[in-house]
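Chain by chain, the residues run as shown.
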Amino acid sequence: MTGTGGTGTARGDVAAPDPRLDASGPTTLATLPGLPPAWTKRSLARARLAAIGRELRATAAASRLSVATLGRAPSVYALNVQADPFPGSIDEANALFQGRYHFAGETLLSINQTPWTLIGASPEWREALHDFHWLRHFETAGGDAAQRQARALLDGWLRRYGRFDARWWRPDLAGRRLMAWTGHLGLLLDDADPALREGLLEALMRQKRYIARAFNSLPPGLPRVQAAVGLAHGCLALGQWGRPLARALRRLDGALAGLILPDGGYPSRDPADHLALLEVLVRMRGVLAAAGQVPGDLLTQAIDRLAPAVRFFRLGDGRLAAFHGGQPGAAFHIDRVLALAAPKGKAPARMPHAGYERLETRRLMLVLDVGAPPPPGYCAHAHVAPLAFEMSSGRDRLIVSCGAALGLGDDWRRVARATAAHSTMTLDDQNAWISAEDRDLGFRPVLPAMATTANRKEADGQVWIEASHSGYGTRLGLIHRRSLWLDAEGIELRGEDRVEPRGRAPGRSLPFTLRFHLAPDVRANLTGDGSSVLLRTHGGDGWRFRALGGQVGIEESISVTDFGPARRAEQIVVSGSLDAGRVVLRWALRRLDGKH
């Protein structure tokens, strides 16, 4: 629903200055490196062949003959706990005691019965149940009741899935489960019934063997790392510190080789994937150190590169920016992961290989997406949001996207990944690049894929970023260019969004909409003359938004950033029509309260 609006009058203080002008200090220039396009006919063909190969290997690993030869485990192993460094929650443990299973933003009741037979749960909820991460909550709660409940849930899983189940023995999920089991062996097995001990030992051994057989059926990246780390945890727990552990660590090295970009970026470009990968790797390093083993060079280098990248994506509330299907996460958990990875460190100003820029002052943080679609194998959860940005004021989020809509179904996900669900420009009510649902690869861009450019200039604490994308070039013959300028004190952010023809101008007038999605707790009011919007964050920071070149208004939006139901929100829109394929929109956000 569209709110009232107006067309801004000419105001010289909306135009963004170039920080090189009148600068007394040195000017720093940086340019996005000219990387080869990730999506080409050749790379698409290779990715399809690889996907088909993985499917065949998964079928072979799950065959009756393969499962029948997983064998049984001898009962002589002395199990070694591989400590879980992440604390649980007593409140979450109490909810589990009461039969309330809250995973992936969804709460299901299973009072006096096993949750393994519940129906109607989302795939994300069921996967969270099966990875056993929730054992840490029982460990934190402690006591006989926690031990009994954890063992009852484990026994239920062993009875139903302990021998084999292709869906819930997927190697990456099995790897996460082995990490959870081996991290809480005392909770599960101290003075336990011999039958439970033997059942857990057999399931652990069989899953370990299955991971090894099905490892190459996984796509590259985080799934292979999780599987390899789980395999190594299993080896350490079983005292297999010789060849079995060496093979598991070689698999981990193979999964990490060439995975992390020089700037610490992960190919999916999802900030939450960076955190998940770093969490798994610091846990692996910790258990190796506890066992007196020296972590490999690739493991150490990956942690050293990923830690600054995770810091890069944090906004003022300590949580992550939500790009490409990622969740913001919990600030205390991110703190813990970074403390284990590298207690001290600073966020870089830019991640040129991953395709992101960061602008930061003491009370303002902004992350801008200047990258192309993620490459084959990493694009399944990508969003169509070139040149979108997210921004915080103090500890509050101000400009955001609608989120990922995880756990809400495919229709919600399609809405959430659209260009209009992000703080960027849409032309002709179309997504910025054309996508397809590929049978072998899932969601991907249609060729020719979009290209991007980005330049960054700094002088006297001011920052100026110029970026562009060609997503509309093939269909509409148009280029979108975005420039951002931030002053040294973080009092004012100015922007310019420009559309221009790549060749001949379109033969018809096309509508444009520039969107600024607001965080759910932000209050927005259009001024009486319709030329600006007054904003107030939850923490009380005030901002004034002004724009030239289009009709300014306030419309309804939604927020599905976190797991759970959609929340009502608002968005600022600047709309109009192109003139001969061209438009120049200038806008500014200025802090009102003087805090900086």
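Every value quoted in this text rests on a predicted model; they were computed, and no experiment measured them.

**Some words on the overall build of the chain**
Logical step 1: The helix and strand inventory of the chain stands at 16 helices and 23 strands.
Logical step 2: Principal-axis analysis of the C-alpha atoms gives the chain an extent of 80 × 50 × 50 Å.
Logical step 3: When each of the 596 residues of the chain is scored for burial, the buried share is 55%.
Logical step 4: Look at the contacts in the chain between residues 6 or more apart in sequence, and 72% of them connect residues 24 or more apart.
Logical step 5: Counting only carbon and sulfur atoms, one obtains 51% of the accessible surface of the chain, whose full area is about 24800 Å².
Logical step 6: Side-chain charges of the chain comprise 75 positive and 60 negative groups, with the mean position of each set lying 5 Å from the other.

**Some details on the pattern of salt bridges**
Opposite charge on two side chains permits them to pair, given that their charged atoms come into close proximity.
Logical step 1: Counting across every chain of the model gives 29 salt bridges.
Logical step 2: In this structure, Arg590 engages Glu492 in a salt bridge whose closest nitrogen and oxygen atoms are separated by 3.1 Å. Highlighted residues: Arg590 in strand 23 (residues 583-591) and Glu492 in strand 16 (residues 492-501), separated in sequence by 98 residues.
Logical step 3: When salt bridges that share partners are traced, they join Glu127, Asp131, Arg170, Asp172 and Arg176 into one network.

**Focus: unusual backbone geometry**
Logical step 1: Phi at Phe132 is positive, roughly 65°, even though this residue is not glycine.
Logical step 2: You can see Phe132 is positioned in the loop between helix 4 (123-130) and helix 5 (135-141).
Logical step 3: Classification of Phe132 as buried rests on a relative accessible area of 0%.
Logical step 4: A positive phi is found at Ala580, a non-glycine position, where the angle reads about 55°.
Logical step 5: Looking at the secondary structure, you find Ala580 in the loop between strand 22 (567-577) and strand 23.

**Regarding the environment of Gly318**
Logical step 1: Among the structural elements, Gly318 can be located in the loop between helix 13 (297-312) and helix 14 (331-341).
Logical step 2: The class of Gly318 is buried, set by a relative accessible area of 14%.
Logical step 3: Between the C-alpha atom of Gly318 and that of Leu231, which follows or precedes it by 87 residues, the distance is 32 Å.
Logical step 4: In this view, Gly318 contacts Ala331 and Ile334; residues no more than four positions away in its chain are not counted.

**A few points about empty space enclosed by the protein**
Logical step 1: A full pass over the atoms with the stated rule returns 2 cavities of 30 Å³ or more.
Logical step 2: Here the largest cavity is characterised by a volume of approximately 40 Å³.
Logical step 3: Put simply, the second largest cavity is a space of about 30 Å³.
Logical step 4: Forming the boundary of the second largest cavity are Pro115, Trp116, Leu118, Trp125, Arg126, Leu129 and His130.
Logical step 5: Per-class residue counts for the lining of the second largest cavity are 5 nonpolar, 1 polar and 1 charged.

**Considerations on the pairing of strand 7 (residues 364-369)**
Logical step 1: For strand 7, the tally of buried residues reaches 6 of 6 residues, placing the bulk of the element in the interior.
Logical step 2: Of the two faces of strand 7, the one holding Leu364, Leu366 and Leu368 and the one holding Met365, Val367 and Asp369 are both buried throughout.
Logical step 3: The sheet contact formed by strand 6 (residues 356-360) and strand 7 spans 5 bridges and is antiparallel. Within strand 7, the residue paired with Tyr356 across the bridge is Asp369.

Rules and cut-offs
Residues numbered from 1 in each chain as written. Predicted model: local features only at pLDDT ≥ 70, side-chain atom pairs only at ≥ 80, totals over all residues. Heavy atoms only, no water. Helix = DSSP H or I, 4+ residues; strand = E, 2+ residues; numbered from the N terminus. Buried < 20%, exposed > 50% of the residue type's maximum accessible area, 1.4 Å probe, protein only. Contact = heavy atoms within 4.5 Å. Areas by Shrake-Rupley, 256 points an atom, 1.4 Å probe, with all protein chains shown as cover. Lys, Arg positive; Asp, Glu negative; His and termini not counted. Charge placed at Lys NZ, Arg CZ, Asp CG, Glu CD. Salt bridge = Lys/Arg side-chain N within 4 Å of Asp/Glu carboxyl O. 1 Å grid on protein atoms, 1.4 Å probe; cavity = no way out; pocket = protein on both sides within 12 Å on 5 of 7 lines; lining within 4 Å. Points joined across faces, edges and corners; volume = space filled by probe spheres on them. Nonpolar A, V, L, I, M, F, W, Y, C, P; charged D, E, K, R; others polar. Pairing = 2+ DSSP bridges.

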